[in-house]
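Listed here are the chains, written in short residue letters.
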Amino acid sequence: MKRIFFTAAALCGIFLFSCDENKEKEQDLSVEIEQPAPDFEYVLDQFADLRVLRYRIPGWDQLDLQQQKLVYYLAQAGLEGRDIMWDQNYRHNLTIRKALENIYRNYSGDRNSDNWKNFEIYLKRIWFSNGIHHHYSNDKIKPEFSEDYLNELLSDTGTKLEGEAFEVIFNDKDAKKVDRQRGADNVLNSAVNFYGPDVTDADVESFYAAKKSPDPDKPLALGLNSKLVKKDGKLVEEIYKSGGLYGEAIDKIIGWLEKAQGVAENKAQGDAIGLLIEYYKTGDLQTWDDYNIAWTQATEGNIDYINGFIEVYNDPVGYRGSFESIVQITDFDMSEKMAVLSENAQWFEDNSPIMDEHRKKDVVGISYKVVTVASGAGDASPSFPIEVNLPNSNWIRAAVGSKSISLGNIIDSYENAGSVDRLKEFIRDSTELELELKYGNEADKLHTALHEVVGHASGQLNPGVGETKETLRSYASTLEEGRADLVGLYYLYSPKLQELGLVDDWKKNGMAAYNGYIRNGLMLQLIRLNLGDDIEQSHMRNRQWVSAWVYEKGKEDNVIEKVVENGKTYFVINDYEKLRDLFGELLRETQRIKSEGDYEAVEKLVETYGVKVDQEIHAEVLKRNEQFEAAPYSGFANPFIIPKTDENGEITGFEIRQPESFEEEMLYYSETYGNL
Ligand SMILES: [Zn+2]
């Protein structure tokens, strides 16, 4: 569902995978060099490899008071679940956070020393990642201060942090939040807190093999809202629900949802919220599906939201959902434009290069919306996705459709906080730069739209073939994202887009899109990776396997040429037509892999092209990138939505206030929503 970091679209999956990365900004930076409004400071903070941005809520004043209340209640319902995400990420996260925050508030010693600054950076980093593992790489964050120094801080402030929770900050234990290494026991080796410490891959497999959904055509999202543990040698699920695991936080969520239900914009929206409440009370997965159907069908109104255990990226075997919430307001202008793609989805399906037996006769219920975000929490914050596509359940998507949204004000914020200098470094000539500056932004947006609206909806599984998480296992996510990217790429260089009024010059737009994708997939995205590391993140993998595959297959015809000038490498596209054909060829093959559930083929594709990095190029990219200060990852600090009340306590209006600092917001959240 959601997740795309800034690159070309990547997002969600029809198959339980959403795509919410943050899309790599690098690419979007490219956009027109708009000057940020002088009255608004986008960059709130920058530390380590992270940048915290602010965002505005442009549609707020157009909402009436009841709608504003709805936004506020839903935002509160999301924030109340913040601690759940922390605990899901790692069993010691909350203990560590509480101790470090206590130090931060009370330390009376020198706050100008290097040690203190490093302590502060460490705390900010874990705030950003909702825990002690990097939000993107999954590696445990290494502190730049010593055990002795931390002990000093603890004793100065009378704070307790002992045993394993203290030791793991410094040792090598639980080094990866999510372990996806081939051949390893991924469940056992992952630090994420979805499974008991002694639960293995084989345990999970056998546990769920024995569980069957009552209706095999409507499979429940088994495992989505629970922790799987061993009790007396027996595997049991601890359900996230009122009275169950995380019940204290869930009760608070329910309280705000009840208020939200009372000010719903229409009956369908209110009924859906009612089902969500019911689900939180019971933990029943049938109710979760009922809710998702009601939520998907509730399309009227200006306000929508996401709230629940949704994306399964943080589970190495893809069962358990991380808590997240986003509250959003419709952006009507952009949405109308995107609706055009939706209306023509069948044309795209009919003209796709996939095999006939994999083609959908009727593409159902595709919707695409650009929205303005008003608040985010859990997995969606501070590192926001820029795209969301839900629900994840495959059968619901097929039967009733899905909602696909692009987070417009978040994207704007990324773009306005960016710099074009890095782009210039990695672009070879002025023609390409001009194309990028003039068309890059539009091309990116269109790619995202095509990826979501057309890409994830396209194609069908062969009869009798299981969900991709069963057939393609750990490669399911990257295959799905690559496939959706390819659908987008195939159509980005096509006169159809101009015919539909979506672009002014389809060729130039398409060229900018291809340049950007290849530049990112073969080079630029490597700035996010340490030299010597393999690529593990699903979207990064897919961008590389798509790019590297077409590069290799087109070598003979010199479709993409590797040029080295003054010691700088560039990948230059010589033949856009042929490149489009190659994208089409790869699309056909990835759809075949998905439709047939061909594990051997996906393993070969991803391991050959998507995992290993050309060390020479990587070293060069890192070197060329050194001169730029902007951190590779961005996240967002929510504006505060503050109610104004009359003497009876009735809400009469709201003030929107931007946070003064990242720490102000994080400390406020921990105090106000510290439910676990
Ligand atoms: Zn996707």
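Given the structure is predicted, the values throughout are model-derived calculations rather than measurements. (Residues numbered from 1 in each chain as written. Predicted model: local features only at pLDDT ≥ 70, side-chain atom pairs only at ≥ 80, totals over all residues. Heavy atoms only, no water.)

Caption draft 1: Structural detail: helix 5 (residues 114–129). Compared with an ideal rise of 1.5 Å per residue, which puts 16 residues at 22 Å, helix 5 spans 22 Å between its outermost C-alpha atoms and is within 8% of the ideal. What helix 5 keeps buried is the set Trp116, Phe119, Tyr122, Leu123, Lys124, Arg125, Ile126, Trp127, Phe128 and Ser129. In the stretch just after helix 5, Asn130 is the one whose phi turns positive, near 55°. (Helix = DSSP H or I, 4+ residues; strand = E, 2+ residues; numbered from the N terminus. Expected span 1.5 Å × (residues − 1). Buried < 20%, exposed > 50% of the residue type's maximum accessible area, 1.4 Å probe, protein only.)

Caption draft 2: Summary view of the nonpolar core. One finds Phe119, Leu150 and Tyr514 to be the most contacted residues of the largest nonpolar core, which totals 110 residues. Looking at which element gives the most residues to this core, the answer is helix 20 (residues 476–492), with eight residues. With residues up to four places along the chain from it excluded, the contact list for Tyr514 reads Leu489, Tyr490, Leu492, Tyr493, Ile573, Tyr576, Leu579, Arg580 and Phe583. Core analysis: the next-biggest nonpolar cluster, separate from the first, contains 79 residues, Ile254, Ile310, Tyr319 and Ala374 among them. (Core = buried A, V, L, I, M, F, W, Y, C linked by side-chain atoms within 4.5 Å. Contact = heavy atoms within 4.5 Å.)

Caption draft 3: Structural context of the environment of Ile642. Mapped onto the elements, Ile642 comes out in strand 13 (residues 640–645). When the C-alpha positions of Ile642 and Phe384 are compared, they lie 22 Å apart, and in sequence the two are 258 residues distant.

Caption draft 4: Highlighting unusual backbone geometry. Across the junction of Ser381 and Pro382, the peptide omega takes the value -5°, indicating a cis bond. In this structure, Pro382 sits in the loop between strand 7 (368–378) and strand 8 (387–390). Of note in the backbone geometry, Asn130 takes a positive phi value of approximately 55° without being a glycine. When you line up the elements, Asn130 lands in the loop between helix 5 and helix 6 (147–157). If you check the backbone angles, Arg473 has positive phi at about 45° while not being a glycine.

Caption draft 5: Fine view of the packing of aromatic side chains. Going through the model one piece at a time under the given rule, you end up with 44 aromatic pairs. Here the aromatic rings of Phe309 and Phe323 are separated by 5.9 Å at their centres, their planes lie at 70°, and the arrangement is edge-to-face. With Phe309 in strand 5 (residues 303–311) and Phe323 in strand 6 (residues 322–330), this pair connects stretches of sequence that are 14 residues apart. A residue is classified by how much of its surface remains accessible, and Phe309, at 0% relative accessible area, is buried. A relative accessible area of 0% means that Phe323 is categorised as buried. The rings of Phe47, Tyr104, Tyr107, Trp116, Phe119, Tyr122, Trp127, Phe145, Tyr149, Phe166, Phe170 and Phe662 are connected pair by pair, giving a single aromatic cluster. Here the basic side chain of Lys496 rests over the ring of Trp347, its NZ or CZ set 4.3 Å away from the ring centre. (Phe/Tyr/Trp six-rings, centres within 6.5 Å; stacked < 30°, edge-to-face > 60°. Lys NZ or Arg CZ within 6 Å of the ring centre and 35° of its normal.)

Caption draft 6: Molecular detail of the confidence of the model for the chain. Averaged over every residue, the pLDDT of the chain is 91; the share at 70 or more is 92%. Under a pLDDT of 50 for its full length, residues 4–38 has, in the predicted model, 215 contacts with residues more than four places off or in other chains. (pLDDT = per-residue confidence, 0-100.)

Caption draft 7: Region of interest: the pattern of salt bridges. Counted under the stated rule, the structure contains 36 salt bridges. When the shortest N-O distance is used, the salt bridge between Glu671 and Arg105 registers 3.2 Å. Of the two residues, Glu671 sits in helix 27 (residues 662–672) while Arg105 sits in helix 4 (residues 93–106), which places them 566 residues apart along the sequence. Arg105 sits in the partly exposed class, given a relative accessible area of 36%. In this structure, Lys211 engages Glu237 in a salt bridge whose closest nitrogen and oxygen atoms are separated by 3.6 Å. (Salt bridge = Lys/Arg side-chain N within 4 Å of Asp/Glu carboxyl O.)

Caption draft 8: Expanded view of the environment of Val572. With respect to the helices, strands and loops of the structure, Val572 is situated in strand 11 (residues 568–573). Under the relative-accessibility criterion, Val572 is labelled buried at 14%. As for Val572 and Ile427, which are separated by 145 residues in sequence, their C-alpha atoms are 9.1 Å apart. For Val572, the residues in contact, after removing those within four places along its chain, are Arg428, Val559, Ile560, Glu561 and Val563.

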